[in-house]
Amino acid sequence: EDQVTQSPEALRLQEGESSSLNCSYTVSGLRGLFWYRQDPGKGPEFLFTLYSAGEEKEKERLKATLTKKESFLHITAPKPEDSATYLCAVQAGGGSTLGRLYFGRGTQLTVWP
Amino acid sequence: GAGVSQTPSNKVTEKGKYVELRCDPISGHTALYWYRQSLGQGPEFLIYFQGTGAADDSGLPNDRFFAVRPEGSVSTLKIQRTERGDSAVYLCASSLSGTGGSPLHFGNGTRLTVT
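Treat the numbers as computed from the prediction; the structure is a model and nothing was measured. (Residues numbered from 1 in each chain as written. Chains lettered and ligands numbered in written order. Predicted model: local features only at pLDDT ≥ 70, side-chain atom pairs only at ≥ 80, totals over all residues. Heavy atoms only, no water.)

1. Observations concerning the overall build of chain B
- The helix and strand tally for chain B stands at 0 helices and 11 strands.
- Beginning at the N terminus, the succession of helices and strands in chain B can be written as β-β-β-β-β-β-β-β-β-β-β.
- In summary, chain B has a C-alpha radius of gyration of 13 Å against a globular reference of 13 Å for 115 residues, a match within 12%.
- With the C-alpha coordinates aligned to their principal axes, the bounding extent of chain B is approximately 40 × 25 × 25 Å.
- Across the 115 residues in chain B, those meeting the buried criterion constitute 48%.
- For chain B, contacts bridging at least 24 residues in sequence account for 54% of all contacts bridging at least 6.
- Summed over all atoms, the accessible surface of chain B reaches about 5,300 Å², with 47% contributed by carbon and sulfur.
- Each charge class in chain B was averaged separately, 11 positive and 10 negative side chains, and the resulting centres sit 6 Å apart. (Helix = DSSP H or I, 4+ residues; strand = E, 2+ residues; numbered from the N terminus. Rg over C-alpha atoms; globule rule 2.2 N^0.38 Å. Buried < 20%, exposed > 50% of the residue type's maximum accessible area, 1.4 Å probe, protein only. Contact = heavy atoms within 4.5 Å. Areas by Shrake-Rupley, 256 points an atom, 1.4 Å probe, with all protein chains shown as cover. Lys, Arg positive; Asp, Glu negative; His and termini not counted. Charge placed at Lys NZ, Arg CZ, Asp CG, Glu CD.)

2. Regarding the sheet that holds strand β1 (residues 5-7) of chain B
All names here are of chain B.
- Taken together, 4 strands build an open sheet; the order of strands is β1-β3-β8-β7 and the sheet is antiparallel. Where the open sheet ends on each side, the last strands, each with one partner, are β1 and β7 (65-68). For this sheet, the mean inter-axis angle between neighbouring strands, taken without regard to orientation, is 15 degrees.
- In this structure, β7 lies alongside strand β8 (residues 75-79), joined through 4 bridges in antiparallel fashion. (Pairing = 2+ DSSP bridges. Axes fitted to C-alpha atoms, helices over the stretch in contact; angles between N-to-C directions.)

3. Focus: the nonpolar core
- By size, the foremost hydrophobic cluster in this structure holds 24 residues, and its most contacted members are Leu 33, Trp 35, Leu 73 and Tyr 86 of chain A.
- Among the elements of the structure, β2 (10-14), β3 (19-26), β4 (30-38), β5 (45-50), β7 (62-66), β8 (70-75), β9 (84-92) and β11 (107-112) of chain A are those that each provide at least two residues to this core.
- A per-element tally of this core places β9 of chain A first, with 5 residues.
- With residues up to four places along the chain from it excluded, the contact list for Tyr 86 of chain A reads Gln 6, Leu 21, Trp 35, Tyr 36, Arg 37, Leu 47, Leu 62, Leu 73, Gly 106, Thr 107 and Leu 109 of chain A.
- Grouped together as the second largest cluster of nonpolar side chains are 20 residues, Cys 23, Leu 46, Phe 49 and Leu 112 of chain B included. (Core = buried A, V, L, I, M, F, W, Y, C linked by side-chain atoms within 4.5 Å.)

4. Comments concerning the packing of aromatic side chains
- Applying the stated criterion across every chain, the model contains 9 aromatic pairs over all chains.
- Geometrically, the ring pair formed by Tyr 33 of chain B and Tyr 35 of chain B is tilted, given 6.5 Å between the ring centres and 35 degrees between the ring planes.
- Assessed through its relative accessible area of 0%, Tyr 33 of chain B is described here as buried.
- On the numbers, 5.7 Å between centres and 75 degrees between planes, the contact of Tyr 35 of chain B with Phe 45 of chain B is edge-to-face. Residue Tyr 35 of chain B is located in strand β4 (residues 31-37), and its partner Phe 45 of chain B is located in strand β5 (residues 44-50); the two are separated by 10 residues in the primary sequence.
- Through pairs of rings, three or more aromatic residues link up here, namely Tyr 36, Phe 46 and Phe 103 of chain A together with Tyr 33, Tyr 35, Phe 45, Tyr 48 and Phe 106 of chain B. (Phe/Tyr/Trp six-rings, centres within 6.5 Å; stacked < 30°, edge-to-face > 60°.)

5. A closer look at the sheet that holds β7 of chain A
All names here are of chain A.
- What the 5 strands build is an open sheet, ordered β1-β3-β8-β7-β6; its pairing is antiparallel. One side of each edge strand has no neighbouring strand; the edge strands of this open sheet are β1 (3-7) and β6 (56-59). With strand direction ignored, the average angle separating the axes of adjacent strands in the sheet is 15 degrees.
- Across 5 bridges, β1 lies against β3 in antiparallel orientation. Counted as the bridge partner of Gln 6 is Cys 23 from β3.

6. Notes on the interface of chain B and chain A
- If you look at the interface, chain B gives 25 residues, while chain A gives 22 residues.
- Both sides together, the interface formed by chain B and chain A hides about 1,800 Å², and carbon and sulfur atoms give 52% of it.
- It is Gly 101, Phe 106 and Asn 108 of chain B in chain B that bury the most area against chain A; as a group they hold 24% of the surface buried on that side.
- Taken together, the connections running from chain B to chain A amount to 1 salt bridge.
- Residue Asp 56 of chain B is joined to Arg 100 of chain A by a salt bridge in which the shortest nitrogen-to-oxygen separation is 3.3 Å.
- For the pair chain B and chain A, the interface holds 7 residue pairs in polar contact (both at pLDDT 80 or more). (Buried area = accessible area lost by both parts, 1.4 Å probe. Salt bridge = Lys/Arg side-chain N within 4 Å of Asp/Glu carboxyl O. Polar contact = N/O pair within 3.5 Å; in protein donor to acceptor, adjacent residues only side chain to side chain.)

Structure representation (structure tokens):
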């Protein structure tokens with residue numbers, strides 16, 4: 001069965017302390033891996049799509065990378081406003097299930113001043 | 001431009017009642033999705049529309065749940081005979097297409113509480 005696992009479940013960082021979040025996946029025929037940010041009471045906000053192993057995307061203090069089995073979201077010199085839950089999702093396979101995303105449980109990031 | 005709009009933002013209902021949740025997607029997006037999110041969990045797939053038709057409804061938990069998208073734009077998720085276990089945040093998302101890694105754009109959800 002397709003599965004997406006995120007670690008750690010929660011991460012506390014001091015402002016400026018860089019770290020990485022992990023998303024490991026087991027799917028057949030990856031079509032895309034997505035990172036989202038979710039603030040309390042809000043819907044997930046799209047950050048990145050990665051399509052193939054070796055691909056990297058960057059946005060401000062965030063950088064996402066992809067291998068054949070996992071993705072990392074690197075956070076460089078985080079600020080308190082980066083505090084949120086970060087969700088990873090994969091789109092895979094074909095046929096009628098092609099459209100759906102499989103989500104992990106997320107990593108709750110807290111950055112304190 | 002306008003994002004995905006969901007109404008109501010909160011809905012409290014009694015066990016056994018019928019509820020309708022509405023989603024207005026981003027203009028021009030052909031694919032529309034419904035997900036359900038419980039506290040501390042990632043979103044769980046319910047149903048996916050491509051245009052007016054349900055391309056994949058395999059995530060609907062049982063026949064009390066039904067969704068429509070009659071004109072290929074606005075969608076309504078309908079839940080009959082609600083149960084306390086239906087309490088969750090119901091998220092709607094849309095994308096330009098349902099294939100090829102097109103990202104989903106989510107609304108802020110409807111928080112459903114069944115008492």
